[in-house]
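Observations on the three-dimensional arrangement
One-letter residues, chain by chain:
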Amino acid sequence: MKNRKVLVVGATGRVGGAAVEELLEAGLEVRALARSAEKGERSRKLGAEVTVGDVTRPRTLGPAVQGCFGVFSALGAGPGRGSSELVEYKGNLNLLSAARLAGVEHFVYNSALMADHPQAQNVGPFREKGRFERELMSTEDISATVLRPVMFMETLHMMLQGPVAFVPGRQRHPISFISARDIARAAVKAFQGKVYGRYELAGPDTVTFDEAFERYGKGRGKRMRVLHIPLAALRLSGRVSPYVRELADMMALLDAAGYAADPSGLRDTFGVLPLTLQEWASEVR
């Protein structure tokens, strides 16, 4: 592998940030795309080259992909990023177009489990990820890997307020969990081993949210209390916040269908031994 440089997009997020660290540790060169020099400072301190650009402004992407053999997209339409369609679909299309023009060899995309499931089409981020997946996998002049992770373990942090976890919906179906770092490790293996295609990624724990917080508490040495919030209450807040509305749609999907996958692929295909929920919780700062 003569050219060892990978562009990480979404480098300021959970998976992208972990990917910067893991790629550098694996001996690859990393260029991190950030919307400002300030946002890219953490990546720079880790040893990555930082370039300023935005996937919603195609003209800024040419210099970012130039000289890279690989692109890892961990884009997410979080609060303040704009609509799911603008970021998750159009933004990734802009990135793919720039990568193809620059002769990038390998595009690794962090998608989501069930992105193309019929029940997920009301969930904006899932729907738009599924749309981009189809575009990426049909592109013939670039090798593609689609990672479809289950629920991030880091999501549990977002539900916590002190020792109390607020979970929207009844959530009685099992959910599979995976750490952001284990997703990043799979991305590194995809580049190193030229692993192409579409893969579901899951850690060893498939449990309800109540059980997940019980294991989280054991890992932290704390007792957690779980309160279930009616989805109607979340939808009420969603009337004034598109982000909260999409969150409500996602939690409604999990409430109805669960979110579980086979954990063997992460180990057998990518050679990653994932963290359990309790192990991850004990390491969290």
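Above this text is the structure in question.
The present account deals with the structure reproduced in this document. (Residues numbered from 1 in each chain as written. Predicted model: local features only at pLDDT ≥ 70, side-chain atom pairs only at ≥ 80, totals over all residues. Heavy atoms only, no water.)

Our next topic: the pairing of strand 3 (residues 49–52). Judged from the four bridges that link them, strand 2 (residues 29–34) and strand 3 form a sheet pairing that is parallel. What sits directly across from arginine 31, in strand 3, is glutamate 49. At this point the chain moves from strand 2, through helix 2 (residues 41–46), to the parallel strand 3, and the crossover so formed is right-handed. (Pairing = 2+ DSSP bridges. Helix = DSSP H or I, 4+ residues; strand = E, 2+ residues; numbered from the N terminus. Right-handed = clockwise from strand over helix to strand, strands pointing away.)

On the secondary structure map, histidine 106 appears in strand 5 (residues 106–110). Take histidine 106: its relative accessible area is 3%, and that puts it in the buried class. What histidine 106 contacts, discounting residues up to four positions off in sequence, is Phe69, Gly70, Val71, Ile142, Ser143, Ala144, Thr145, Ala190, Phe191, Lys194, Val195 and Tyr196. (Buried < 20%, exposed > 50% of the residue type's maximum accessible area, 1.4 Å probe, protein only. Contact = heavy atoms within 4.5 Å.)

Another aspect to go through is the sheet that holds strand 7 (residues 151–152). With respect to topology, three strands assemble into an open sheet ordered 7-10-12, the strand pairing being mixed. Lying at the two open borders of the sheet, with one neighbouring strand each, are strand 7 and strand 12 (206–207). The pairing of strand 7 with strand 10 (residues 175–178) spans two bridges and is parallel. Counterpart to methionine 151 in the pairing with strand 10 is phenylalanine 177.

Our focus in this paragraph is unusual backbone geometry. One non-glycine residue, glutamine 171, lies in positive phi territory at about 50°. Turning to its location among the elements, glutamine 171 is positioned in the loop between strand 9 (164–168) and strand 10. Despite not being glycine, lysine 194 shows a phi value in the positive range, around 50°.

For strand 6 (residues 143–149), the tally of buried residues reaches six of seven residues, placing the bulk of the element in the interior. Examined bridge by bridge, strand 5 and strand 6 share five bridges and lie parallel to one another. What sits directly across from histidine 106, in strand 6, is serine 143. By the bridge criterion, five bridges tie strand 6 to strand 11 (residues 197–201) in an arrangement that is parallel. By the bridge assignment, arginine 148 is partnered in strand 11 with glutamate 200.

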